[in-house]
Each structure stands twice: as C-alpha cells, then as structure tokens.
Amino acid sequence: MNKLKEIMLEAKNIFLKARKSHDWEHTQRVYNLCMHLGRTKGTDLEVLQLAAFLHDIGREAQDRSKGTICHAKKGAEMAREILRKYNFPENKISKVIHCIEAHSFRGGIAPRSKEAMILYDADKLDAIGAIGIGRAFVFAGEIGAKVHNKDVDIVNTRPYSEDDTAYREFMVKLRKIKDRMLTQEGKHIAEERHKFMVDFFDRLNKEVDGQL
C-alpha cells in the first residue's frame, strides 16, 4: 500500500465519529473537486491530494469546543504529525500545512500557493449549491436549531444556538462565497451554485408565508 493510500485511510478513520455535516463524504467531495480544479499546469497534485484528505481532520475538536477552536489550525497540527510519521520531506509538509491552514474563513491566513487556492475553492464549493443547502440543514439539526426562521435578527444571533438555521448560514456566510473564489473555474461553478441557493431560499420564504 502506498503512503497516500495509507494516509487516506488514516484520515478516514478520524471521521468515524464526526458529525454528518462534516463527515468523510465531505472530504471525498472536496478531493474530487480538487482533482477537477487542479488539472492545470504547475499544480503539485501530491500536495493537493494530501491537503484534501487531511484538511478537516481538526473539525471534531472545533465542534466539541462549539467553535472556540479553529479546525484549520488544529488540523494543521495533526496533519504535520501524520506526514512526519510517513517521512515526507519538510518542504512538502510545509506546503500541505499551508493549504490546510489557509482553507478556512476563520483561520486568518490567505492562500498563497496554487494548491492552497484550489483547496480553498473546493472546500467552499461544497458549502454552496444543492449540497451546501443539504449540509446546512443537517448541521442545524445536529446543534438543535430550528428548521427555518426568516425573520430572525441575523446580527444578534449566535452560532451553535437554536437560531443557527440553514437560512442564517446562508445569510451570514454562504451567499458571500461566490465573490471570494480564487480560481477561474471555481468562480464559474460558484455562480451556478449560488443562483440555486438564492432561488431555493426565496421559495422557502414564500412557502413559509403561505404564498405558494
């Protein structure tokens, strides 16, 4: 078994008790998007593959802390240990770690490398569109949020509360993603997925008001 396969299985094992909104299937989708976006000249596919498999391994720590721990920072620490165990050279490890640290909004680290930009876009694309809506509702259920509350005061709501609905996630974060994409192909995909979300929540609000 090659090192990449072993690391993939090790990462998968970390997700055995993960919340379904950020489970191994999310990692697989991000990996597939990375491979789609990364098929351009000059991309280090090994760095990208490793970063995709490991990018969310710190998510459980963030969920347990109700958001006080940054999963990108925690995941980078965990990934460094894993990669050193498999004797990857330090310069390659540093490239993978940068991708992981820079993939999150909350991390405060801007993606600098091509691989980091691709991982960033792939991770964000999985948060929008039809799959993004599905994940937002799953997460809301996991933390005990309401199904929907279109009249909530977004400014004065808190994450990980009953007001942290899928609609709040859309208003606070998801609707802004298309304007933050870094690759041309990522921007193209995001435009279509964004439109789907806008149409969905528009219809949902109308149905809640009894208009349809």
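Report follows, based on the coordinates. As the structure is a computational prediction, the values presented were derived from the model and not from experiment. Counting from 1, residues in each chain are numbered in the order their sequence is written. With the structure being a predicted model, the display of local features is reserved for residues of pLDDT at least 70 and the display and counting of side-chain atom pairs for 80 or more, all residues being used for whole-chain, interface and lining totals. Side-chain measures were taken over the full set of non-hydrogen atoms in the model, leaving aside hydrogen atoms and water.

1. Describing the overall build of the protein chain
Logical step 1: On a plain count of helices and strands, the protein chain comes out with 10 helices and 0 strands.
Logical step 2: Taken from the N to the C terminus, the helices and strands of the protein chain come in the order α-α-α-α-α-α-α-α-α-α.
Logical step 3: The globule rule puts the C-alpha radius of gyration for 212 residues at 17 Å, and the 18 Å found for the protein chain is close to it.
Logical step 4: Principal axes of the C-alpha set define a box for the protein chain whose edges measure 60 × 35 × 30 Å.
Logical step 5: Relative accessibility decides the category of a residue: with a 1.4 Å probe and only protein chains considered, values under 20% of the type maximum give buried, values over 50% give exposed, and everything between is partly exposed. For the protein chain, the proportion of its 212 residues judged to be buried stands at 50%.
Logical step 6: Two residues qualify as a contact provided that any one of their heavy atoms is within 4.5 Å of a heavy atom in the partner residue. Taking all contacts inside the protein chain whose residues are at least 6 apart in sequence as the whole, residues at least 24 apart take part in 63%.
Logical step 7: Only the protein chains shown count as cover for residues, with accessible areas throughout obtained via the Shrake-Rupley method and a probe of 1.4 Å. With an accessible surface of roughly 11000 Å², the protein chain has 51% of that area assigned to carbon and sulfur atoms. The secondary structure listing takes helices from DSSP runs of H or I that are at least 4 residues long and strands from runs of E that are at least 2 residues long, numbered from the N terminus. Based on C-alpha atoms, the radius of gyration is set beside the globule rule, defined as 2.2 Å times the residue count to the power 0.38.

2. As for helix α2 (residues 24-37)
Logical step 1: Expected span, for any helix, means 1.5 Å times one less than how many residues it has. With 14 residues, α2 extends 20 Å between its outermost C-alpha atoms, agreeing within 8% with the 20 Å of an ideal straight helix rising 1.5 Å per residue.
Logical step 2: Taken together, the buried positions of α2 are occupied by W24, H26, T27, V30, Y31, L33, C34, M35 and L37.
Logical step 3: In this structure, the buried residues of α2 make contact with α1 (3-14), α3 (45-54), α7 (114-125), α8 (129-142) and α10 (184-208).

3. Remarks on the environment of L9
Logical step 1: Structurally, the position occupied by L9 is in helix α1.
Logical step 2: Spatially, the C-alpha atom of L9 lies 9.1 Å from that of F53, the residues being 44 residues apart in sequence.

4. What to know about the side chain of S104
Logical step 1: Within the element layout of this structure, S104 appears in the loop between α6 (90-101) and α7.
Logical step 2: The class of S104 is buried, set by a relative accessible area of 8%.
Logical step 3: The contact partners of S104, leaving out residues within four places of it in the chain, are H71, A72 and K124.

5. With respect to the nonpolar core
Logical step 1: By nonpolar core we mean a set of buried residues, namely Ala, Val, Leu, Ile, Met, Phe, Trp, Tyr and Cys, connected to one another through side-chain atoms within 4.5 Å. Counting 52 residues, the largest nonpolar core has I7, C34, L54, L83, L119, L125 and L174 as its most contacted members.
Logical step 2: Apart from residues no more than four positions distant in its own chain, L174 is found in contact with A127, I128, G132, A136, E169 and M197.
Logical step 3: In terms of nonpolar packing, the next biggest core, distinct from the first, is built from 5 residues, F139, A140, I143 and A145 among them.

6. Here we look at α1
Logical step 1: Taking 1.5 Å of rise per residue, 12 residues should cover 16 Å, and α1 covers 17 Å from first to last C-alpha, within 8% of that figure.
Logical step 2: Turning to α1, its buried residues are I7, M8 and A11. For α1, the angular spread of the buried residues around the axis is 105 degrees, confining them to a single face.
Logical step 3: On its buried face, α1 is in contact with α2, α3 and α5 (71-85).
Logical step 4: N or O atoms within 3.5 Å of each other form a polar contact, as long as, within protein, one can give a hydrogen and the other can take it, and as long as residues adjacent in sequence are counted only when both atoms are side-chain atoms. With a side-chain oxygen lying 3.2 Å from the backbone nitrogen of L4, the N-terminal cap of α1 falls on N2. Here, the arc refers to the directions that run from the helix axis to the C-beta atoms.

7. Thoughts on the packing of α3 against α7
Logical step 1: For helices, the fitted axis covers only the stretch in contact; all axes are lines through C-alpha atoms, and the angles between them, taken along N-to-C directions, range from 0 to 180 degrees. Put simply, α3 and α7 touch, their axes get as near as 10 Å, and they point 35 degrees apart. Relative to α7, α3 is oriented so that their crossing is right-handed. Judged by residue contacts, V47, L48, A51 and A52 of α3 engage E115, I118 and L119 from α7.
Logical step 2: Split by residue class, the contact of α3 with α7 holds 6 nonpolar, no polar and 1 charged. Crossing handedness is read from the near helix: turned anticlockwise from the far helix by less than a right angle, it gives a left-handed crossing, and turned clockwise, a right-handed one. Each residue is assigned to one class: nonpolar for Ala, Val, Leu, Ile, Met, Phe, Trp, Tyr, Cys and Pro, charged for Asp, Glu, Lys and Arg, and polar for all the others, Gly among them.

8. A look at the packing of aromatic side chains
Logical step 1: Note on aromatic contacts: the rings of Phe and Tyr and the six-membered ring of Trp form a pair at centre separations within 6.5 Å, being stacked when their planes are under 30 degrees apart, edge-to-face when over 60 apart, and tilted otherwise. Counted under the stated rule, the structure contains 9 aromatic pairs.
Logical step 2: Arranged with centres 5.1 Å apart and planes meeting at 85 degrees, the rings of F200 and F201 form a pair that is edge-to-face.
Logical step 3: Judged by relative accessible area, which is 2%, F201 ranks as buried.
Logical step 4: Chaining the aromatic ring pairs together yields one cluster made of F137, Y167, F170, F200 and F201.

9. A look at the environment of K5
Logical step 1: Structurally, K5 can be placed in helix α1.
Logical step 2: A relative accessible area of 40% means that K5 is categorised as partly exposed.
Logical step 3: Here the alpha-carbon distance between K5 and F53, two residues 48 residues apart in the chain, equals 10.0 Å.

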